[in-house]
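Spelled out from the first residue to the last, the chains are:
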Amino acid sequence: MEKDSALYQLMLVRMNGIMNDITNSDGEYQEIVRKSEEYSGRLERIGLPVDIRMLVDDYVSEQNALISRYGMLAYLLGFSDCKAMFLGKGLPTEVKEMNTEL
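Residues numbered from 1 in each chain as written. Predicted model: local features only at pLDDT ≥ 70, side-chain atom pairs only at ≥ 80, totals over all residues. Heavy atoms only, no water.

Q: Can you help me understand the overall build of the chain in this one?
A: Regarding its fold elements, the chain presents four helices and zero strands. Secondary structure of the chain in N-to-C order comes out as α-α-α-α. For the chain, the residues scored as buried account for 10% of the 102 residues in total. The long-range fraction of contacts in the chain, counting pairs at least 24 apart against all pairs at least 6 apart in sequence, stands at 53%. Working note: accessible area of the chain is about 8,200 Å², and carbon and sulfur atoms make up 59% of it. (Helix = DSSP H or I, 4+ residues; strand = E, 2+ residues; numbered from the N terminus. Buried < 20%, exposed > 50% of the residue type's maximum accessible area, 1.4 Å probe, protein only. Contact = heavy atoms within 4.5 Å. Areas by Shrake-Rupley, 256 points an atom, 1.4 Å probe, with all protein chains shown as cover.)

Q: Explanation requested: the nonpolar core in the structure shown.
A: Counting five residues, the largest nonpolar core is built from Leu 7, Tyr 8, Met 11, Met 72 and Leu 76. Counting only elements with at least two residues in this core, the list comes to helix H1 (6-25) and helix H3 (50-86). Among the elements that make up this core, the one with the highest residue count is H1 (three residues). Discounting chain neighbours no more than four positions away, the residues touching Met 72 are Met 11, Met 15 and Asn 16. (Core = buried A, V, L, I, M, F, W, Y, C linked by side-chain atoms within 4.5 Å.)

Q: Would you mind going over the pattern of salt bridges with me for this structure?
A: Side chains that differ in charge, positive against negative, can pair when their charged atoms come close. Under the criterion given, the structure shown has two salt bridges. Its salt-bridge partner being Glu 31, residue Arg 34 comes within 2.6 Å of it at the nearest N-O pair. Taken as a pair, Arg 34 and Glu 31 lie in helix H2 (residues 27-46) at a separation of three residues, close to a single helical turn. Residue Arg 34 is classed as partly exposed on the basis of its relative accessible area, which comes to 40%. A residue is classified by how much of its surface remains accessible, and Glu 31, at 33% relative accessible area, is partly exposed. For Arg 34, the salt bridge is made with Glu 38, and the minimal N-O distance between the two is 3.3 Å. Of the two residues, Arg 34 and Glu 38 are both situated in helix H2; the distance of four residues between them amounts to about one turn of the helix. Accessibility expressed as a relative area gives 39% for Glu 38, which makes it partly exposed. (Salt bridge = Lys/Arg side-chain N within 4 Å of Asp/Glu carboxyl O.)

Shape is all these values report; function is a separate question.
If you want it as structure tokens, here you go:
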């Protein structure tokens, strides 16, 4: 999808702005944050060498980026599906069709 398209810009606004309000008030999300902080504290107390801590940090950061990107793509796919339904095109069924829609 083109990064200057209206759908992509809408996704950025919704994901980067409004999602913060939603996650702050979502109990399940907050429980995940609490557990994450607990694990973080446990890792700190272990006293791993700096190079190992950096490796763990790099790994977790990349996993977070992967999950974030997946969420953004899912959001875009959902909007593309809605657009197709409203325009009477039906839903794309092939991966190739879906890629051209995004």
